[in-house]
Amino acid sequence: MVVGLEGGMCKMSARVLQVFANFIDLCKTMKRQPEHVQAFLLAELGTSGSLDGQQRLIVKGRFLPKVFEGILRRYVNEYVICNMCKSTGMIYTRHLPLYLLMHV
C-alpha cells in the first residue's frame, strides 16, 4: 500500500515498518535539520525509527497517513511558520540551552 503525503510518500512494508520515502526532500523544503524533524516525528508517534542508506525514514509500527500528516502540520505550525506574521522565513537555531526561531 502506497500512501501520498504532502511532500512525501509512506509505504508499509511486510513487517511492521513504514517507510517515509521523501523524508529528506521534505526537510529540505521546510529548511529544517532532518535530525530535528525525525526526533519530533518519532516522539509524537511514540515509537522508534531511523534513516536508512537511501535517506528514507523507517518507522516501527503501523500508522494511518492522517496521523503522519497531522504531526507534520503541528511541526510546521510550531517550528516553520511565524505565529505573529505567518511568514515561513524563520530560522531555527540553537543557542545553548535554548532553541530559538528568528526571522531571516
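Scroll up to find the structure.
Visitor: Would you mind going over the overall build of the protein chain in detail, with residue names and values included?
Guide: A count of helices and strands for the protein chain gives three helices and seven strands. Of the regular secondary structure in the protein chain, the N- to C-terminal order runs β-β-β-α-α-β-β-α-β-β. Taking all 104 residues of the protein chain together, the buried fraction comes to 35%. Contacts spanning at least 24 positions in sequence make up 40% of the contacts within the protein chain whose residues lie at least 6 apart.

Visitor: Can you lay out unusual backbone geometry for me, pointing to particular residues and giving the numbers?
Guide: Leaving glycine aside, a negative phi is the common case for residues, and trans is the common case for peptide bonds. Positive phi values are uncommon outside glycine, yet Gln-55 reaches one of about 60°. Mapped onto the fold, Gln-55 is located in the loop between β4 (49–51) and β5 (57–60). Judged by relative accessible area, which is 38%, Gln-55 ranks as partly exposed. Look at Lys-86: it is not a glycine, yet its phi comes out positive at around 65°.

Visitor: So what's going on with the environment of Glu-78? Which residues, and what values?
Guide: Within the fold, Glu-78 resides in helix α3 (residues 65–79). With 23 residues separating them in the primary sequence, Glu-78 and Leu-101 have C-alpha atoms 9.5 Å apart. Look past the residues within four positions of Glu-78 in its chain and what remains in contact with it is Phe-40 and Leu-101.

Visitor: Pulling in residues and values, what's your account of the pairing of strand β7 (residues 98–103)?
Guide: Put simply, side chains in a regular strand alternate between the two faces of the sheet. Alignment of strand β6 (residues 90–95) against β7, held across six bridges, turns out to be antiparallel. When the bridges of β7 are listed, His-95 appears paired with Leu-98. Hairpin connection, β6 to β7: the antiparallel pair is bridged by two residues.

Visitor: Lay out the packing of helix α1 (residues 23–30) against helix α2 (residues 34–45) with the relevant residues and their values.
Guide: Packing of α1 against α2 brings their axes to within 9 Å, and their N-to-C directions diverge by 110°. It follows from the interaxial angle that α1 and α2 lie roughly perpendicular. The hand of the α1/α2 crossing is right-handed. The residues of α2 that touch α1, namely those facing Phe-23, Ile-24, Cys-27 and Met-30, are Pro-34, Val-37 and Gln-38. When grouped by side-chain class, the residues that make up the contact of α1 with α2 number six nonpolar, one polar and no charged.

The rules we used
- Residues numbered from 1 in each chain as written.
- Predicted model: local features only at pLDDT ≥ 70, side-chain atom pairs only at ≥ 80, totals over all residues.
- Heavy atoms only, no water.
- Helix = DSSP H or I, 4+ residues; strand = E, 2+ residues; numbered from the N terminus.
- Buried < 20%, exposed > 50% of the residue type's maximum accessible area, 1.4 Å probe, protein only.
- Contact = heavy atoms within 4.5 Å.
- Pairing = 2+ DSSP bridges.
- Axes fitted to C-alpha atoms, helices over the stretch in contact; angles between N-to-C directions.
- Parallel < 35°, antiparallel > 145°, perpendicular 65-115°, else oblique.
- Left-handed = near helix turned anticlockwise from the far one by under 90°.
- Nonpolar A, V, L, I, M, F, W, Y, C, P; charged D, E, K, R; others polar.

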